[in-house]
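As a plain string of letters, each chain reads:
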4 protein chains.
Amino acid sequence: MSFDKFNDECGVFGIFGNANAAAHTALGLHALQHRGQEAAGVVSCDHGQFFAHRALGLVGDNFNSADVISRLKGTAAIGHNRYSTAGGTMLRNVQPFFADLSLGGFSLAHNGNLTNALTLRKELINRGALFHSTSDTEVIVHLVALSPGVTIEDRIIDALKQVEGAYSLVMLTPHALIGVRDPLGVRPLVLGKVADAKGKEAYVLASESCALDIIGGSYVRDIDHGEMVVINENGVTSLHPFPTPMRRFCIFEYVYFARPDSMVEHKNVYAVRKRIGAELARENGVKADLVVPVPDSGVPAAIGYAEQSKIPFELGIIRNHYVGRTFIEPSDTVRNLGVKLKHNANTAVLSGKRVILVDDSIVRGTTSKKIVTMVREAGAKEVHMRIASPPTTHSCYYGVDTPERSQLLAANHSVAEMAKLIGVDSLAFLSIDGLYRAVGEAKRNNDIPQYCDACFSGEYPIALTDKDSGIGGKQSDLFAEMA
Amino acid sequence: MSFDKFNDECGVFGIFGNANAAAHTALGLHALQHRGQEAAGVVSCDHGQFFAHRALGLVGDNFNSADVISRLKGTAAIGHNRYSTAGGTMLRNVQPFFADLSLGGFSLAHNGNLTNALTLRKELINRGALFHSTSDTEVIVHLVALSPGVTIEDRIIDALKQVEGAYSLVMLTPHALIGVRDPLGVRPLVLGKVADAKGKEAYVLASESCALDIIGGSYVRDIDHGEMVVINENGVTSLHPFPTPMRRFCIFEYVYFARPDSMVEHKNVYAVRKRIGAELARENGVKADLVVPVPDSGVPAAIGYAEQSKIPFELGIIRNHYVGRTFIEPSDTVRNLGVKLKHNANTAVLSGKRVILVDDSIVRGTTSKKIVTMVREAGAKEVHMRIASPPTTHSCYYGVDTPERSQLLAANHSVAEMAKLIGVDSLAFLSIDGLYRAVGEAKRNNDIPQYCDACFSGEYPIALTDKDSGIGGKQSDLFAEMA
Amino acid sequence: MSFDKFNDECGVFGIFGNANAAAHTALGLHALQHRGQEAAGVVSCDHGQFFAHRALGLVGDNFNSADVISRLKGTAAIGHNRYSTAGGTMLRNVQPFFADLSLGGFSLAHNGNLTNALTLRKELINRGALFHSTSDTEVIVHLVALSPGVTIEDRIIDALKQVEGAYSLVMLTPHALIGVRDPLGVRPLVLGKVADAKGKEAYVLASESCALDIIGGSYVRDIDHGEMVVINENGVTSLHPFPTPMRRFCIFEYVYFARPDSMVEHKNVYAVRKRIGAELARENGVKADLVVPVPDSGVPAAIGYAEQSKIPFELGIIRNHYVGRTFIEPSDTVRNLGVKLKHNANTAVLSGKRVILVDDSIVRGTTSKKIVTMVREAGAKEVHMRIASPPTTHSCYYGVDTPERSQLLAANHSVAEMAKLIGVDSLAFLSIDGLYRAVGEAKRNNDIPQYCDACFSGEYPIALTDKDSGIGGKQSDLFAEMA
Amino acid sequence: MSFDKFNDECGVFGIFGNANAAAHTALGLHALQHRGQEAAGVVSCDHGQFFAHRALGLVGDNFNSADVISRLKGTAAIGHNRYSTAGGTMLRNVQPFFADLSLGGFSLAHNGNLTNALTLRKELINRGALFHSTSDTEVIVHLVALSPGVTIEDRIIDALKQVEGAYSLVMLTPHALIGVRDPLGVRPLVLGKVADAKGKEAYVLASESCALDIIGGSYVRDIDHGEMVVINENGVTSLHPFPTPMRRFCIFEYVYFARPDSMVEHKNVYAVRKRIGAELARENGVKADLVVPVPDSGVPAAIGYAEQSKIPFELGIIRNHYVGRTFIEPSDTVRNLGVKLKHNANTAVLSGKRVILVDDSIVRGTTSKKIVTMVREAGAKEVHMRIASPPTTHSCYYGVDTPERSQLLAANHSVAEMAKLIGVDSLAFLSIDGLYRAVGEAKRNNDIPQYCDACFSGEYPIALTDKDSGIGGKQSDLFAEMA
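Summary of the structure given here. (Residues numbered from 1 in each chain as written. Chains lettered and ligands numbered in written order. Predicted model: local features only at pLDDT ≥ 70, side-chain atom pairs only at ≥ 80, totals over all residues. Heavy atoms only, no water.)

1. Topic: the sheet that holds strand 8 (residues 177–181) of chain C
Residue and element names in this part refer to chain C.
- Strand order across the open sheet formed by six strands is 5-6-7-8-12-13, with antiparallel pairing between neighbours. Only two strands of the sheet have a single partner each, and these edge strands are strand 5 (97–101) and strand 13 (235–239). Neighbour-to-neighbour, the strand axes of this sheet turn through a mean angle of 20°, independent of strand direction.
- Along the sheet, helix 6 (residues 152–160) contacts strand 5, strand 6 (104–114), strand 7 (165–172), strand 8, strand 12 (228–232) and strand 13; its crossing angle with strand 12, the most-contacted strand, is approximately 155°. (Pairing = 2+ DSSP bridges. Helix = DSSP H or I, 4+ residues; strand = E, 2+ residues; numbered from the N terminus. Axes fitted to C-alpha atoms, helices over the stretch in contact; angles between N-to-C directions. Contact = heavy atoms within 4.5 Å.)

2. Some words on the relation of the copies chain A and chain D
- Mapping chain A onto chain D leaves a residual RMSD of 0.1 Å; the transformation is a rotation of 180° accompanied by 0.0 Å of translation along its axis. Put plainly, the chains are arranged around a two-fold axis. Among all C-alpha atoms of chain A, that of A:His321 lies closest to the rotation axis, at 3.5 Å.
- A shared binding surface is used by both copies, with 100% of the interface residues of chain A retained as interface residues in chain D. (Least-squares fit on C-alpha atoms with pLDDT ≥ 70 in both.)

3. So, the arrangement of the chains
- Across all C-alpha pairs, the smallest distance from chain A to chain C is 16 Å, and the two are not in contact.
- At no point do chain B and chain D touch; the closest pair of C-alpha atoms across them sits 15 Å apart.

4. Comments concerning the interface of chain A and chain D
- Taken together, the contact pairs 63 residues of chain A with 63 residues of chain D.
- Of the roughly 5000 Å² buried at the junction of chain A and chain D (both faces included), carbon and sulfur atoms supply 62%.
- A salt bridge links A:Glu314 to D:Lys274; its shortest N-O distance comes to 2.4 Å.
- The interface formed by chain A and chain D holds 21 residue pairs in polar contact (both at pLDDT 80 or more) in total.
- Ranked by the residues each element gives to the side of chain A that touches chain D, the list is headed by helix 1 (residues 21–31) of chain A, at six residues. (Buried area = accessible area lost by both parts, 1.4 Å probe. Salt bridge = Lys/Arg side-chain N within 4 Å of Asp/Glu carboxyl O. Polar contact = N/O pair within 3.5 Å; in protein donor to acceptor, adjacent residues only side chain to side chain.)

5. Observations concerning the pairing of strand 21 (residues 382–387) of chain C
All names here are of chain C.
- Taken across its six residues, strand 21 has five buried, putting it largely inside the fold.
- Sheet topology note: the strand 20 (residues 354–359)/strand 21 ladder contains six bridges and is parallel. Across the sheet, residue Val-355 finds its bridge partner in strand 21, namely Val-383.
- Once the chain exits strand 20 it traverses helix 13 (residues 366–377) before rejoining the sheet at strand 21, and the crossover so formed is right-handed.
- Taken together, the four bridges between strand 21 and strand 22 (residues 426–429) define a ladder with parallel strand orientation. Residue Ile-387 lies in a different strand from strand 22, and its bridge partner there is Phe-429. (Buried < 20%, exposed > 50% of the residue type's maximum accessible area, 1.4 Å probe, protein only. Right-handed = clockwise from strand over helix to strand, strands pointing away.)

6. Notes on helix 6 (residues 152–160) of chain D
- Taken as a whole, helix 6 of chain D has its buried residues at D:Ile152, D:Arg155, D:Ile156, D:Ile157, D:Ala159 and D:Leu160.
- In this fold, the buried residues of helix 6 of chain D make contact with strand 5 (97–101), strand 6 (104–114), helix 5 (138–146), strand 7 (165–172), strand 8 (177–181) and strand 12 (228–232) of chain D.

7. As for the packing of helix 4 (residues 117–126) of chain A against helix 5 (residues 138–146) of chain A
All names here are of chain A.
- Running from amino to carboxyl end, helix 4 crosses helix 5 at an angle of 45°, the nearest separation of the two axes being 10 Å. Viewed along their axes, helix 4 and helix 5 adopt a mutual orientation that is oblique. Every pair of crossing elements has a handedness; the one defined by helix 4 and helix 5 is left-handed. From helix 4, Ala-117, Leu-120, Arg-121 and Leu-124 reach across to helix 5, where they touch Val-139, His-142, Leu-143 and Leu-146.
- Residues of the contact of helix 4 with helix 5, tallied by class, amount to six nonpolar, one polar and one charged. (Parallel < 35°, antiparallel > 145°, perpendicular 65-115°, else oblique. Left-handed = near helix turned anticlockwise from the far one by under 90°. Nonpolar A, V, L, I, M, F, W, Y, C, P; charged D, E, K, R; others polar.)

8. Let's talk about the environment of C:Leu408
Residue and element names in this part refer to chain C.
- In this fold, Leu-408 is placed in the loop between strand 21 and helix 14 (409–412).
- Measuring from C-alpha to C-alpha, the distance between Leu-408 and Met-228 comes to 36 Å, with 180 residues separating the pair along the chain.
- Every residue in contact with Leu-408, bar those within four places of it in the chain, is listed here: Val-363, Thr-392, Thr-393, His-394, Ser-395 and Pro-403.

9. A few points about the state of the cysteines
Residue and element names in this part refer to chain C.
- Under the defined criterion, the tally for this structure stands at zero disulfides over all chains.
- Sulfur of Cys-10: no disulfide; nearest cysteine sulfur belongs to Cys-396 and is 12 Å away.
- We classify Cys-10 as buried; its relative accessible area is 2%. (Disulfide = S-S within 2.5 Å.)

10. Remarks on the packing of helix 9 (residues 269–283) of chain A against helix 10 (residues 299–309) of chain A
All names here are of chain A.
- Contact geometry for helix 9 and helix 10: axes closest at 6 Å, N-to-C directions at 45°. Of the possible angle classes, the one that applies to helix 9 and helix 10 is oblique. Pair helix 9 / helix 10 crosses with right-handed handedness. Listed contacts from helix 10 to Tyr-270, Arg-273, Lys-274, Gly-277, Ala-278, Leu-280, Ala-281 and Arg-282 of helix 9 are Pro-300, Ala-301, Ile-303, Gly-304, Tyr-305, Glu-307, Gln-308 and Ser-309.
- The residue inventory of the contact of helix 9 with helix 10, partitioned by class, reads eight nonpolar, four polar and four charged.

11. Here we look at helix 5 of chain A
- Counting buried positions over the nine residues of helix 5 of chain A gives eight, a clear majority of the element.
- Among all positions of helix 5 of chain A, only A:Glu138, A:Val139, A:Ile140, A:Val141, A:His142, A:Leu143, A:Val144 and A:Ala145 are buried.

So far we have only geometry, and geometry alone does not tell us how the molecule works.
Below is the structure:
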């Protein structure tokens, strides 16, 4: 079990007051599938009884049968998509989690990552708590269960005051759907509503607005940082139980995570990405014949780059969307097979041309190198790579699966070195201020940045308690069972 | 979720100090498969790290690959077979259970049933404990986790002093294999040993001695009622932490549960069953041409009956061992299909004969009636049914899956009525004293019976706390999640 | 692909004129499961349209859903069980076979083995026929398709006149169910009937009468050797198109293959086996304390032996019916693991006793040796093995999966040598005349034996054309595709 | 079994003389996955022995294990992708087909459709041939088997002279890989080569050049219409055994089927599609704010349209590539759910805008209507649909799965009616001459068109023998067995 396991980027969804709660939740999770493909789960509630279905694999493979949906009874439900990380996976880690509390059933789904989960887990185990998963999220459930609070809302607030990290949570109780964002609002969470056939409206919570679109719902507003909303028969009640000195939404959601058709924090992701491309062209122009995106994530920035630079946009690399990650390599003569299973150079387009390749980011750099090789073998005369974000020099501890620093190319090499390693004629990244301009700021406020950009800046807005205490290293104490 | 779910008859196995601990455990569980076919699990321990594999289905289908066994590392392991009850099943109920405690990993497997589990569960939930299964066994794990005891042994003793019911437990800690039988010793548990290729001996715990035979091991002794054995690098330490006023082993283990080749409580099961058959013949002789067992469970008693009565033993009913429980019935003309999938009358043997049918017990009576019909249709002139136990008039609450009293034929009808309902020319049961004679007693001690015979007598030697408090009825409070 | 693949012992079933034809066929195949466990198939016919379902595995696992049965429409159906041979298996070899002929659909299921199938296959391929399986049976379908006969019956007769070997066939055409036995009647085939809820009777064909019992049907008669029956709306028409100089039913069906509750060729199998046991006792008596069967196949003969010898019959070996063929061996210390997965010595019964072990036959002798070792380790003072058949010295080419002669223990060793190898105090086989007496003959007619006993005598009543021409060796010509 | 079943658009691949033949074939099929997703198969040949693996589902799910690939031994292999048509599917229809012929093993994979297959099938059945599949392709195998030709090449030529229709075939014999295109060259087939690690070159056949790219191979040339190439140890031999009056490549391959990065018939598909978009803009310009493709197939034409019209290209519709075809609809309030599972309007882009939607074609029109509704609900002020092909007024009988004419929107409505039904402000199709210009012709030669454009023109260049004789209607004669 590697430490990577706690770094999950996930999607959450919740609905209250609709006769087809589970079916809507399944659809919402399908729309949020890009946020996690490893596993999915739905928990519904019907008059105090809870029903659950969790499965490894895609929503569309596990939640599309009348049999499954009809067993998820009730007019309220929450759901969760889990990210596909390397290595084995355990069904007992698949959310939403559920517990019988003295106040009744309680279910919870979490997008984000807690930075003091291991510390809390150790304390809880010492108090006699039994952990059933290896997930950071389970500590919240224990803290709620052990809280002396009279109401479930009190207990949740009590519990969340003890945790550190990033979290957008949806929770289900016998009488309410509850949503919370951490005090900095690192991960997204939107409020929407959807009407049924008779016009009765139900409230919805979702990681991104695209999950509202698929069910024919409408966007109401973003949940505020540090806000808790309680949705029940009386409508939506908003609480602000946590101190919220500042808002630090993850700027990487705009760069890569969110779907281009989503509104997150009032901004259309596609439009931001096009502006990123335009900024990139302004900052790092180069003479060339074509602007070619690395599909699919580089496409909006490439369109923006092409518009700004007046250089034609072309599909010089074609993406094969059929799954094929693990083919047997015939021999060492099929170079860059891993890349070719998903991408192919469009030789007729690239041959003899000066090409600007636009990609969203560089992590380890291994794929970039293969793509550049492929583009050159297709006959490109020059290859200029433009990256739609600053160099990623630091790992994320707030819910994103990133390698350790030692494996981040930009953490260990200059841009010139990177260009040489990747094999391009030129390489340029968007500046940090360019990125802030693309999201609508004049520039980064270097005193208190408007966003969380720790992966670019190394400035972590939330304490890294577990990491700093080194508790992660003593795993055998905490996780004696291997699946 | 019916109350039946808490009534499991299971098999347990444990081994300490053998390089092939998991492979031996899988074999032991295979030998104990008759005690539970719904699911099986093995947990092993290697230098403080625990490894687990649990699966629905037979041991032979899930624990026979090198892949599975090699992942179960370490020189100590425990395993569990779960009984196949009606209705759905959840993987999270499959034992052995595991927990990270402050003292390290802890795993437990249980044969039996606790009679105050729901009461304890409610109290524990009120204290903030999170339950992950619907099993009675999980309360023991919580009680151990919450115990203030300094050593794991102290904590286990502390926990078990709070529970009521029947239990034979095998437990695994980073440094020991621990076995316990409840103060009355209702369920069996034997100690054995097995040598490896170099002659090094390892200790083994198992529900029945047949699990020692399969691994080439030898029987040492039965664990005593109320005894706790701690097996570690220093050998076997025996503790007697519980008051043990009397021994009340389940007499039905001899009638039906245990394998005929097993030694339980110093007695060979096959030999007891033959003596039961002989007692039955003595008590309830009848003129007939053949003694025919209802296979397979009625065979040893029928052999005993035939020897005693000098009436020939014949295989008048043939058993089809291939699985086929749920065939589609062609029409109402295939009478007694459910019985015919497993049994067929051997017409040439039965035709024109006066037949003594020997079966181990009658529960609802539905199968008996179908078998008698089948035997008559095969031409039997007379059918005399002899039952190798007294009438089962009461439900078991100590780990056996039995219907409620309202469904027990003998609880609601006289023997004469039963004979008529089943359609036999005569029907007779073994007397309770006859049964005690077969197991080696002069007669039942009616003051303090030597065995637990509650299913025949209604005298329950352990308090039925949950049942008496009616807590089982308020399930929605305790089990809000339905699988 | 080994030559063993062509040696299948199978079960067949057919029914005509019943609204639940497929459901009855599935039940019939379940009753015949002992004749083949590798795969099963059912083909039904509804107004000229045929429906098929074939699957690897047990009938009870593949033909027990309403979904499968309801898709097998029509009032006529045939079915087939295939034997589990070593090595890989191909779905396209699973019978019944089906073909679109110019006269309409045609389906066929075969128990037996053709001895000139490879010769015919080569000729047919040279004529341009395309084979879709590696089964001997497919040549019959081709010969029927290519026959110039005007009616399907003519074509079947024409085809069968070209084949050599053993065959009991059930065939389905748009208008009839057809059954045939080869001229010597080597494999069994019985005619029965079953009434529906309204009393309308349908005819049934089955390998053994136990398949009639399970559907509540009744036995009418055995199909005669060389007889062909055509069952259609007009009832049963009997044809005798083949020369039938003699009847040579497989005597080993009585020894081992058939179910004890079946009637084959007018004789109850259980009764024959008991008489075999009695003959064995008469021929090879020995002083002993117990008669112990090797379960399950040795049980009836052991009962007969015990009755004749007045030595008590005891279950000294217990059989575990749960499947577990391929467990991982923990180490070399578990001796005879392969045997122990299925059998266990009942030590309390055997210890200190002189034991007569009764088994049906000895093939390679490897299992016998392990069982004897196990019995001795359980404390038996003497072990005398008695075999309920003569020594098997020759391979079968008529539909039974047997090893080559080089691997048959009795083909290469004297009885004294075998006794030493197996480790018994004495070993004796039933004499060939004793076997004939048990089946009701005064003795074997050595000029023209009344049965096929080639496996004991080496006298093959049907030419072994393929074997003698050595065509089996040139497999690459005939079977270029490996699955 | 609907007639649609014979209309398959498939992909084929073959390789000769490479030690990793099967692994290369699996990769080639993965690159051709867009031509068929229902099933895939690979047959390899090693010294005259053939090995096969066929499976329902994607190549990446069934041919990516070392286990599967290592069993497909040999240095030559062929493979096939099968199109996903509605309704059930039978494994026995999955290609490549295989047969043992008198000359040795023979395997074949087919892209296209025969128009006299049923007629030939009936004749062959009357001659005694046994068909194993319901595929049109099997008649070729029978004709080869029955041919009197001395060599396999003679037999193939003899067989193909009897069939009518469209076919690109790859075939494997013990000594050669053989490729053929029908006399009109309706379906594509290219020749390429690939070097192994030591530089040894092997020849490859594939439906499209993208299958050469993935294995690091290079394009040599297109197989000519009516050409047969025999690839063996001596290299490539080209034969032209068929009269080839004209070349009539399927023009719809450029519109939709082929991958944009493929070269087919010397033209880059992406470039043709961009020219189609430009022609469309020239022919059917309209004032608007945005050009928005219906992704993914409409993207290249939309880029071409935007470049020509100087109207900005925008991703106004976002595609969800995760599979989710059959979700349970929550209620009637989720309008257009089927479309929303795959597409979502990017509201921020579309709102208040005049939108030109570019799609490749309109078949039934049902999806178009839903997409237009979705775009309008996102706030588009005007919606102008432009279709990158002429109206599809006729069904294809040459290997493409198309609905019957009665279901083709353009076959039954004027463009004005279609615009109204779909709900657009304007609708325009590319002219037939515009399409020919885009593929490089001055205009369509109306006497003998340069391409097969039957789906647009109703001019079928190959006789529709089965259809005209009505033989398809008498299916019960030809296909008595339903899977």
